[in-house]
Amino acid sequence: MGVGEESTAPVTISDVARAADVAPSTVSRAFSRPGRVSVKTSERIFQAARKLGYRQDEVPRVSTSRTYHLVAVCVADVMNPVFGATVKGIFAGARKRGYMVVLIDSNESSEIESETTKRSLATVDGFIFVGSRMSDAGLRHLAGIKPVMTVNRKVPGVSSVTPASDEGLGDALTHLVSEGRSTVTYLAGPTASWQSGVRWRSLLERARRDGKVTVHQLACPTPTIRGGIEAFDMWRAHPTSAVIAYNDLIAIGFMRRAMACGLRIPNDVAVIGFDDIPFSALVSPALSTVRVNQFQMGVVAVNRLLDMVEKPSHHERQAPSEDVVPVSFMVRESG
């Protein structure tokens, strides 16, 4: 660039951050959610932005109290009854505090999650992800801009609500051993599911510690009844005396196919699910399962999120919350 010439390169958030002596993420928060940055810091950022010409006509006024009273909830699959119970809890908790909820179905796609959250940034107060398939880095980046809660998943640096899966699965495995079962197949959930990995590791560690049962993992095509049906056909090649499924839908599909092929449940194979969805007790045989209060998880998640929305300065000084909801093992007819 010659003497007297001006640079035509666009001014970036990093330029504003250097001029204001703050992190780029702080600049992002100041623009997208002014209330999450202190008045003094916001004024310094906006002054630097105006001086540099960074989106000068869009620099907002400082506001420490503005909220949209709208929360975005992104679920992996709205057809899954587990997610439905969680969403009901979120709606109930939000309504009590005067907030509305917009629901996003990601259809098990991290790309859809990313795209819809980008489009929603300017109009919601925060995000709750139920069974998120987005990367850890993506969720952390979003949490630096708006309040974020994850349900059924832990991400370093992001607040979460999860079930005490290891306790429930430990009780399930102990029960199977007491019934004389020595081999167990875990019908795994989606490869991108954090919870599926947690549940497999819990089973593996418990089996190794007790030394009374061996566990094997079998990838299930989809976390649905159809996926359970297809999983049975793969299980038949290497059968075990019991099966623990990633969720109740898989377990029900597995039982349905097993009985159609002439197997008796639990005589020939014990079957245990996870979640205790409403019709788990209604199928025949009634499904033994690990019960999770998904409605409670939704209520906890939205209250934590709204605390962050309404008291941003307090929560910026605190470590991300990690709530764990108790579970219980329900013994029924299937195992």
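Up top is the structure.
Residues numbered from 1 in each chain as written. Predicted model: local features only at pLDDT ≥ 70, side-chain atom pairs only at ≥ 80, totals over all residues. Heavy atoms only, no water.

K.L.:
Provide a residue-level description of a nonpolar patch on the surface, including the pertinent values.
P.N.:
Among the surface-exposed residues, Val78, Met79 and Leu103 lie close enough to one another that they form a single nonpolar patch of about 300 Å² accessible area. Within the secondary structure, Leu103 is located in strand 2 (residues 100-105). (Patch = residues over 30% accessible without salt bridge, like charges linked within 9 Å, V, L, I, M, F, W, Y side chains within 5 Å. Areas by Shrake-Rupley, 256 points an atom, 1.4 Å probe, with all protein chains shown as cover. Salt bridge = Lys/Arg side-chain N within 4 Å of Asp/Glu carboxyl O. Helix = DSSP H or I, 4+ residues; strand = E, 2+ residues; numbered from the N terminus.)

K.L.:
Talk me through the sheet that holds strand 10 (residues 288-292); I want residue IDs and the actual numbers.
P.N.:
The strand order across the open sheet built from six strands is 7-6-8-9-10-12, with neighbouring strands paired in mixed fashion. At either end of the open sheet lies a strand with only one pairing partner, and these are strand 7 (214-219) and strand 12 (327-330). Sheet twist, expressed as the average angle between the axes of neighbouring strands with direction ignored, equals 20°. In the sheet, strand 8 (residues 242-245) pairs with strand 9 (residues 270-275) via three bridges, with the strands oriented parallel. (Pairing = 2+ DSSP bridges. Axes fitted to C-alpha atoms, helices over the stretch in contact; angles between N-to-C directions.)

K.L.:
Quick one: what's the story with the packing of aromatic side chains, residue by residue and with numbers?
P.N.:
Taken as a whole, this structure holds five aromatic pairs when the rule is applied. Consider the rings of Tyr186 and Trp200, whose centres lie 6.1 Å apart with planes at 15°: the pair is stacked. Here the residue Tyr186 occupies a position in strand 6 (residues 183-188), and Trp200 occupies one in helix 8 (residues 194-210), the gap between them amounting to 14 residues. For the residue pair Tyr186 and Trp200, the accessibility class agrees, reading buried in each case. The interplanar angle of 75° and the centroid separation of 5.3 Å between the aromatic rings of Phe232 and Phe254 together place this pair among those described as edge-to-face. Pair noted here: Phe232 is in helix 9 (residues 225-235) and Phe254 is in helix 10 (residues 248-260), with a separation of 22 residues, a long-range link. Look at Phe254 and you get buried, because its relative accessible area is 0%. Seen from the ring of Phe274, Arg199 lies directly overhead, with NZ or CZ sitting 3.7 Å from the centre. (Phe/Tyr/Trp six-rings, centres within 6.5 Å; stacked < 30°, edge-to-face > 60°. Buried < 20%, exposed > 50% of the residue type's maximum accessible area, 1.4 Å probe, protein only. Lys NZ or Arg CZ within 6 Å of the ring centre and 35° of its normal.)

K.L.:
Tell me what's going on with the sheet that holds strand 3 (residues 126-130), and back it up with residues and numbers.
P.N.:
Strands sit in the order 2-1-3-4-5-11 across an open sheet of six strands; the sheet is parallel. A single partner strand is all that each edge strand has here, and the edge strands are strand 2 and strand 11 (322-325). Each neighbouring strand pair of the sheet contributes to a mean axis angle of 15°, computed without reference to strand direction. As judged from the five bridges shared by strand 1 (residues 70-75) and strand 3, these two strands associate in the parallel manner. Its bridge partner lying in strand 3, Cys74 is registered against Phe129. Relative to strand 4 (residues 148-151), helix 11 (residues 294-310) is tilted by about 165°, and along the sheet it contacts strand 1, strand 3, strand 4, strand 5 (159-163) and strand 11. (Contact = heavy atoms within 4.5 Å.)

K.L.:
Pulling in residues and values, what's your account of the nonpolar core?
P.N.:
Core analysis: the biggest nonpolar cluster contains 64 residues, and Val73, Ile128, Leu173 and Ile244 have the highest contact counts within it. The element contributing the most residues to this core is helix 11, with seven residues. Setting aside anything within four residues of it in sequence, one finds Val73 in contact with Val87, Ile90, Val101, Val102, Leu103, Ile104, Ile128 and Val130. The next biggest cluster of nonpolar side chains, apart from the first, holds 15 residues, and it includes Leu139, Ala143, Ile145 and Val148. (Core = buried A, V, L, I, M, F, W, Y, C linked by side-chain atoms within 4.5 Å.)

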